[in-house]
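Structural overview for review
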Amino acid sequence: ADSINFGVNQLEPGDKILINGNIGEHAAAIITARQNFDIRFKTQSDCACVYSLIEKLTDELENIKIMRDPTRGGLATTLNEFVMEQRVGIKIDEEKIPIREQIKGFCEPLGFDPLYLANEGKFITIVKDNEAQKALSIMKSHDLGQNATILGEVTSQNPGRVILKTTIGSTRVLDMMSGEMLPRIC
């Protein structure tokens, strides 16, 4: 794109929401290290410089609406910040969220919701519907986007809300994170 002009005010129903890879890795690694849990699974922070992937996207796409990292408050909080006080909502599909089973298994007994876990080396982008597949292909062709996926879309329903279609077919509202799941580390 010749000029970049991101903004939540550009979101329109039908725009697609993408993430470049698995969520929850960073927070799980930090929590495990800090609490010295005797957990027998391998995870490490997903810290990475995503500049080269973002540069490729912005060079090859014309209709990127917004792009942001889901660090503080994770995926759910970031999506809420996109539609807060807007005339659009967001609907995402739980089955499309890239998350390793080990991270889900880590979260469940500790009472963490992986949708609110901090991420590094990840970003969410919203693009016009007609560029979603191209954006996904660009992401998947890069080392830092191999697990990229289209999570859902911007909708005219439920303005200012993020709705999750669950794996059992019901829906639930994803609110902003309340409190601190992981103390600030940087």
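Notes on the structure follow. Everything numeric here is computed off the predicted structure, so don't read it as measured data.

Concerning the pattern of salt bridges
Applying the stated criterion across every chain yields a total of 11 salt bridges. For aspartate 15, the salt bridge goes to lysine 65, with nearest N and O atoms at 2.9 Å. A residue pair is termed long-range when its members are at least 10 positions apart, and aspartate 15 in the segment before strand S1 (16–19) and lysine 65 in strand S2 (residues 64–68) qualify at 50 residues. Look at lysine 65 and you get buried, because its relative accessible area is 6%. Here arginine 172 and aspartate 113 are joined by a salt bridge, their closest N and O atoms 3.4 Å apart. Residue arginine 172 is found in strand S7 (residues 171–174), and its partner aspartate 113 is found in the loop between helix H4 (101–110) and strand S4 (124–127); the two are separated by 59 residues along the sequence. Judged by its relative accessible area of 35%, arginine 172 falls in the partly exposed class.

So, the pairing of strand S6 (residues 162–165)
Within a regular strand, side chains alternate between the sheet's two faces. Sheet topology note: the strand S3 (residues 89–93)/S6 ladder contains 4 bridges and is parallel. Residue pairing in the sheet places aspartate 93 in a bridge with lysine 165 of S6. In terms of strand pairing, S6 meets S7 through 4 bridges, oriented antiparallel. Residue pairing across strands places leucine 164 opposite arginine 172, the latter belonging to S7. Connecting S6 to the next strand, S7, in antiparallel fashion are 5 residues, including glycine 169 with a positive phi near 95°.

Rules used throughout
- Residues numbered from 1 in each chain as written.
- Predicted model: local features only at pLDDT ≥ 70, side-chain atom pairs only at ≥ 80, totals over all residues.
- Heavy atoms only, no water.
- Salt bridge = Lys/Arg side-chain N within 4 Å of Asp/Glu carboxyl O.
- Helix = DSSP H or I, 4+ residues; strand = E, 2+ residues; numbered from the N terminus.
- Buried < 20%, exposed > 50% of the residue type's maximum accessible area, 1.4 Å probe, protein only.
- Pairing = 2+ DSSP bridges.

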